[in-house]
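Spelled out, the chains give:
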Amino acid sequence: MSSHNESILREPLVTGKNITYAKVTDDILLPVENKPNKAWWIGFTVAVLGAMLWVVSVGYTFWTGIGAWGLNKTVGWAWDITDFVWWVGIGHAGTLISAVLLLFRQNWRNSINRSAEAMTIFAVICAATYVVAHMGRPWLAYWIFPLPNQFGSLWVNFNSPLVWDAFAISTYFTVSLVFWYCGLLPDIASVRDRATGLKRRIYSILSFGWNGSVKTWQRFEIVSLILAGISTPLVLSVHTIVSMDFATSVIPGWHTTIFPPYFVAGAIFSGFAMVQTLLLILRKVMNFEDYITMFHIESMNKIIMTTGSIVGIAYLTELFIAWYSGSEYEMYAFANRVAGPYAWAYWAMMTCNVISPQLFWFKKIRTSIPISWVLSIVVNIGMWFERFVIIVTSLHRDYLPSSWAMFYPTWVDVGIFVGSIGLFFTLFLLFIRFLPGIAIAEVKLLLKSASLQQKTKLVQEGAFPEDQVEFFRNSLEKYDSVTEEDIKALKKK
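All figures in this text were calculated on a predicted structure; none of them were measured in a lab.

Thresholds applied
- Residues numbered from 1 in each chain as written.
- Predicted model: local features only at pLDDT ≥ 70, side-chain atom pairs only at ≥ 80, totals over all residues.
- Heavy atoms only, no water.
- Helix = DSSP H or I, 4+ residues; strand = E, 2+ residues; numbered from the N terminus.
- Rg over C-alpha atoms; globule rule 2.2 N^0.38 Å.
- Buried < 20%, exposed > 50% of the residue type's maximum accessible area, 1.4 Å probe, protein only.
- Contact = heavy atoms within 4.5 Å.
- Areas by Shrake-Rupley, 256 points an atom, 1.4 Å probe, with all protein chains shown as cover.
- Lys, Arg positive; Asp, Glu negative; His and termini not counted.
- Charge placed at Lys NZ, Arg CZ, Asp CG, Glu CD.
- Salt bridge = Lys/Arg side-chain N within 4 Å of Asp/Glu carboxyl O.
- Axes fitted to C-alpha atoms, helices over the stretch in contact; angles between N-to-C directions.
- Parallel < 35°, antiparallel > 145°, perpendicular 65-115°, else oblique.
- Nonpolar A, V, L, I, M, F, W, Y, C, P; charged D, E, K, R; others polar.
- Core = buried A, V, L, I, M, F, W, Y, C linked by side-chain atoms within 4.5 Å.
- Domains from an automatic or database assignment.
- Buried area = accessible area lost by both parts, 1.4 Å probe.

Quick word on the overall build of the protein chain
From N to C terminus, the protein chain includes 19 helices and zero strands. In terms of overall dimensions, the protein chain is globule-like: its C-alpha atoms have a radius of gyration of 24 Å, near the 23 Å expected for 493 residues. Dimensions of the protein chain, computed from the C-alpha atoms along their principal axes, are close to 85 × 50 × 40 Å. Looking at the protein chain as a whole, 55% of its 493 residues qualify as buried. For the protein chain, contacts bridging at least 24 residues in sequence account for 82% of all contacts bridging at least 6. As presented, the protein chain carries roughly 22,300 Å² of accessible surface, and 68% of it is formed by carbon and sulfur atoms. Counting 37 positive and 32 negative side-chain charges, the protein chain places the centres of these two groups 8 Å from one another.

Topic: the pattern of salt bridges
Applying the stated criterion across every chain yields a total of 16 salt bridges. A salt bridge links Asp 187 to Arg 114; the shortest N-O distance between them is 3.0 Å. Here Arg 114 lies in helix α5 (residues 113-134) and Asp 187 lies in helix α6 (residues 161-194), a separation of 73 residues in the sequence. Here Asp 187 and Arg 114 have matching classes, each one buried. Arg 337 is paired through a salt bridge with Glu 318; the nearest N and O atoms lie 3.9 Å apart. Pair noted here: Arg 337 is in helix α11 (residues 328-339) and Glu 318 is in helix α10 (residues 294-325), with a separation of 19 residues, a long-range link. This pair shows no difference in class: Arg 337 is buried, exactly as Glu 318 is. Three or more residues joined by partner-sharing salt bridges are found here, namely Glu 11, Glu 298, Lys 363, Arg 366 and Lys 478.

Overview of the packing of helix α1 (residues 21-33) against α6
What describes two packed helices is the angle between their axes and the distance between those same axes. Interhelical geometry of α1 versus α6 gives an angle of 75 degrees and a closest axis separation of 11 Å. Compared by their axis directions, α1 and α6 come out roughly perpendicular. For the pair α1 and α6, the contacting residues are Thr 25, Asp 26, Leu 29, Val 32 and Glu 33 in the first and Ser 190, Val 191 and Arg 194 in the second. For the contact of α1 with α6, the class distribution of residues is three nonpolar, two polar and three charged.

What about the nonpolar core?
By size, the foremost hydrophobic cluster in this structure holds 119 residues, and its most contacted members are Trp 87, Phe 246, Phe 272 and Phe 424. When residues of this core are assigned to their parent elements, the largest contribution, 14 residues, is made by helix α9 (residues 259-285). Residues in contact with Phe 424, not counting those within four places in the same chain, are Trp 87, Met 119, Phe 122, Ala 123, Cys 126, Met 274 and Leu 278. Listed in part, the 15 residues of the second largest apolar core include Ile 297, Phe 464, Val 469 and Tyr 479.

Things to note about the domain arrangement of the protein chain
As a measure of interface size, the accessible area lost when the parts come together is often cited. Domain parsing of the protein chain yields domain 1 (30-144 + 160-450) and domain 2 (451-487). The distance between the C-alpha centroids of domain 1 and domain 2 comes to 36 Å. Summed over both partners, the interface of domain 1 with domain 2 comes to about 850 Å²; 48% of that surface belongs to carbon and sulfur atoms. Together, Met 294, Leu 447 and Ala 450 form the three largest contributors to the area buried by domain 1 at its contact with domain 2, with a combined 37%. At the boundary of domain 1 with domain 2, the tally comes to two salt bridges. Here Glu 298 and Lys 478 are joined by a salt bridge, their closest N and O atoms 2.2 Å apart.

In structure tokens:
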């Protein structure tokens, strides 16, 4: 356990009074050990209805064929690939929070990494369903892997970025799943030790014999760092390879070298927005205000603002390079995006992704929970439009005006997308029902260094100069989980 005295200038990562190791365990396991509340049942019912819509829509697609979608001879990719890229992007923030912030020793990740990792797993599952559905012959899905077969010369084309996709996403999913589950082991053991009967036996199996010994913890720390090191390059590689689905083509609007960094920034942007959306709900419904504090919310808003600015620069760079290239086809592709029949989608994208994140420059806005939640949803709406604009507007008007066509989604397109959101939330709600939504062991590491309780104790002992204490008091004003009484207690006895 960490025992050093952290600077008083750093804002607390855990608030609340009389916080002990036992209380942390009790608070976080409360949703797991007790019956779900009314809010959970309402959310779960809505999510399951959405998942049922997904089953119906995908089943209809498998039975009828992808002709049930709104695709035509000109627009051969549309909502399906838009949704696929959107879900893969959302799955990025979990690994970034877990792996990259772990390697950089950012302790504020401790309270949010568990839910973010789970979000990654479920988002990649939703993305994978689009890959299978789009094949038309889902029973031949295994053909995307280089497996020995009896068909003679049948083999995957290793020059195709679609094959790279299969490798990148399956690797990303596998490593993320192992990383997430390894982090869960000590917390599953905590549930096991408090459970009885059949529940205890189930959690005993899931805990893989965790005994909490010093040697076990040492191995846990080593494995976490190794998996973080493996995961970090995957954060960059996965969406880079997804972007190459488009960048390696010769279609105007797609054939550009800016796509890899642009897609990665956009993935982190949308991923953090989804983490914000989920955690603000989790924080309220599960009463986790003392563990997911305003510092966490503000930090994520700063990352959303930064990555949103990077995405905005990428948009402007695309427009400039289209003009600077001198290619009439490239220039027309972007003029068509800005002022063509899908201009409404382009300007929706620019408003949601470039303008709305700039509101986080204002402290009052980035520390407002309702506004943060709304803007996190706005960002992901904008990121969906970004993928739609890139894919559909680049295809619907090609080199031959006689081939120009518009894309109109069918009820199946809409049903699969809305249903995939229902599937995602069904999985997430089941996760927070049966497993701890916050990493118990990692939050406990913060109690002796980064908690308000510990800092208050040190202030009362006179460990910090008065000017620093005053600065600390002022920083607590934005915390909704800190009372006036807590602030008044920050004085030397």
